[in-house]
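This is what each chain is made of:
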Amino acid sequence: MRSRSLTYFAFSAMSLFLIGCNRGCTTSHTIASESRAVQTSGGNAEVVGRVVDYRHSKRVGQDIFDRKISHTYGLCFDLKFGTFHLSEFFHEGVDNPDNVNLSKELGRVKVKISKDQNHIGLGVDGKVVKLVHLYKTHGIGTDQPKLNADGTMDWAKLDIESFPSPSEILEESLKNSCDLMPYGSAAMNEFCDDSQPSSKIHKLLLDKWPSCTFAKNYYTEQKLRELVKDKKWKKRAVKRGKKVLKNIEQYNFQFDDIVAFIDFLDEDELSQELDDILLANWGKKDMIDYTEKLVERLNHPNNSFDKDEREALYELAKSEFTEFEKTGESNYKMEASECLLVLTALGDTTTGYNFVQNAFGAKAKRYDSLDFLEVAFDHFDVYTDYQQQKMLSETEATIDVVKDYARSSYYDHIERLADCSMLKRLKQKYPEDLKFQRVPNRCK
């Protein structure tokens, strides 16, 4: 039984692999290897030469197991220096893998390592093919041309002791190419961790936040808790936060990170600037959901809105929602659905109750359909359990009186909320209006 299960598992894994290779894929394995020790002024290294078989698999017909297989071969060199390993720093194709003399091929390779062990030069056939810069055995990614090799420099011209320190390279990399880290972020992470919060690298990190992916990932809750203890870092962070808030439109996709960062700093003036932005911009459908953040802060037990701000906010939201009930149309600059969210956050449940009592059934005809649906169902959880039940109990009567072209929108909005019997009845009652709508799987 165990053998049969393993066979089935292997077959399933192979099938999934082949399905993933519908348009062709390549796998590789080493068919021969040899190494050579190299002594340098910075320590001993090991160069490994490998002959590699690249197997190309491509589906021929409809059957995933009917495949065309081809092979190509290559010679590549790897480097091992302490715990730092670099695979395939050089690669070239070979015609016949059986004719490769690895001992002879390894003689083509030259290695230089700086005395401080921070820089490695790799050469093949008298040319510099790779430059590697290390911070504590972690490779440093940089796009600076002078720190990279393109295979044109003569090996004899390489001065391995001439390169900047790892800290200078990392600072320059963060400054000019924050998201380009070919060897990963380990070197940058460790360098930042090793540096004082008041250091240059931490200033650069703040200057790059929040657009820089590395900066956003680095500023974990635990890391911020450490950094904020340093007065100089916090002063810089507050200054950066103010600058970002003044240009908040540039950071549509980082808004959540910005709010979390500012909340963590817990600085009154900065928090007030954020509150002012939320108060000035909530209510609109925008790239940034200001209303959502405003509601979150209103619901927070330590929210910073004073009594006057809360009263003014309430009056504005209440008047706009009242206007929606009178006209049947929402103000796109102050959406009725957003007003209801704010009113609820401020403790008002009466407005939602009155809407539920007075807007369904035949009374729904006076509302713009899309505006009505936004208020009624886009934030369904804003209503109490009683209000939700009443809304759903009157929804079918509401759909009966709306325009035929609007019924599909109503159905889409209640599909996840209404009971199955209602959904099936509506499909039978309005087959043409709801011909593109489907009864959900939970009802089948």
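Relevant structure appears above.
Here the residue numbers are simple positions, counted from 1 along each chain's written sequence. Totals for whole chains, interfaces and linings use every residue, but because this is a predicted model, local features are given only for residues with pLDDT of at least 70 and side-chain atom pairs only at 80 or more, for both listing and counting. Hydrogen atoms and water are omitted, and side-chain values are computed over all heavy atoms in the structure.

1. Observations concerning a negative patch on the surface
Then step 1. A residue counts toward a patch only above 30% relative accessible area and without a salt bridge, and it is joined to like-charged neighbours within 9 Å or, for Val, Leu, Ile, Met, Phe, Trp and Tyr, to nonpolar neighbours within 5 Å. Note that accessible areas follow from Shrake-Rupley with a 1.4 Å probe, and for residues the cover is restricted to the protein chains shown. The term salt bridge refers to a side-chain nitrogen of Lys or Arg lying within 4 Å of a carboxyl oxygen of Asp or Glu. His is not counted, nor are the chain ends; Lys and Arg add positive charge and Asp and Glu add negative charge. Charged side chains are reduced to one point each, which is NZ for Lys, CZ for Arg, CG for Asp and CD for Glu. A contiguous patch of negative charge, built from Glu249, Asp286, Asp289 and Glu292, is present on the exposed surface.
Then step 2. Helix numbering and strand numbering both begin at the N terminus, where a helix is a DSSP run of H or I of at least 4 residues and a strand a DSSP run of E of at least 2. With respect to the helices and strands, the residue aspartate 289 is situated in the loop between α10 (268-281) and α11 (290-299).

2. Some thoughts on the pattern of salt bridges
Then step 1. Across all of its chains, the model carries 26 salt bridges by this definition.
Then step 2. As a salt-bridge pair, glutamate 269 and lysine 242 come within 3.1 Å of each other at their nearest N and O atoms. Here lysine 242 lies in helix α8 (residues 231-246) and glutamate 269 lies in helix α10, a separation of 27 residues in the sequence.
Then step 3. Throughout this description, buried means an accessible area under 20% of the type-specific maximum (1.4 Å probe, protein chains only), exposed means over 50%, and partly exposed covers the range between. Judged by its relative accessible area of 45%, glutamate 269 falls in the partly exposed class.
Then step 4. Of the charged contacts in the structure, one is a salt bridge between aspartate 256 and lysine 293, with a shortest N-O distance of 3.2 Å.

3. Quick notes on the environment of glutamate 323
Then step 1. Inspection of the secondary structure assignment puts glutamate 323 in helix α12 (residues 307-327).
Then step 2. Glutamate 323 sits in the partly exposed class, given a relative accessible area of 40%.
Then step 3. C-alpha of glutamate 323 to C-alpha of phenylalanine 436: the two residues are 113 residues apart in sequence and 34 Å apart in space.

4. Remarks on the packing of aromatic side chains
Then step 1. Two aromatic rings, drawn from Phe, Tyr or Trp (for Trp, its six-membered ring), form a pair once their centres lie within 6.5 Å of each other, and the interplanar angle then sorts them: stacked below 30 degrees, edge-to-face above 60, tilted otherwise. As enumerated under the stated definition, the model contains 22 aromatic pairs in all.
Then step 2. With 5.4 Å between their ring centres and 70 degrees between their planes, tyrosine 135 and phenylalanine 191 make a pair best called edge-to-face. Pair noted here: tyrosine 135 is in strand β7 (residues 127-135) and phenylalanine 191 is in helix α4 (residues 186-194), with a separation of 56 residues, a long-range link.
Then step 3. Note on tyrosine 219 and tryptophan 233: the rings are 6.2 Å apart at their centroids and 70 degrees apart in plane angle, and the pair reads as edge-to-face. Linking tyrosine 219 in the loop between α6 (213-218) and α7 (221-227) with tryptophan 233 in helix α8, this pair joins segments that are 14 residues apart in sequence. Per residue, the accessibility class of tyrosine 219 equals that of tryptophan 233, and both read buried.
Then step 4. Ring pairs connect the aromatic residues Phe321, Phe324, Phe355, Phe360, Tyr367, Phe372 and Tyr410, which therefore count as one cluster.
Then step 5. The positively charged end of lysine 112 is found above the aromatic ring belonging to tryptophan 155, 5.1 Å away from the centroid.
Then step 6. Working rule: Lys NZ or Arg CZ, within 6 Å of ring centre, within 35 degrees of ring normal, means a charge sits over the ring. Looking at arginine 407, its charged tip hangs above the ring of tyrosine 430, at a distance of 4.0 Å from the centre.

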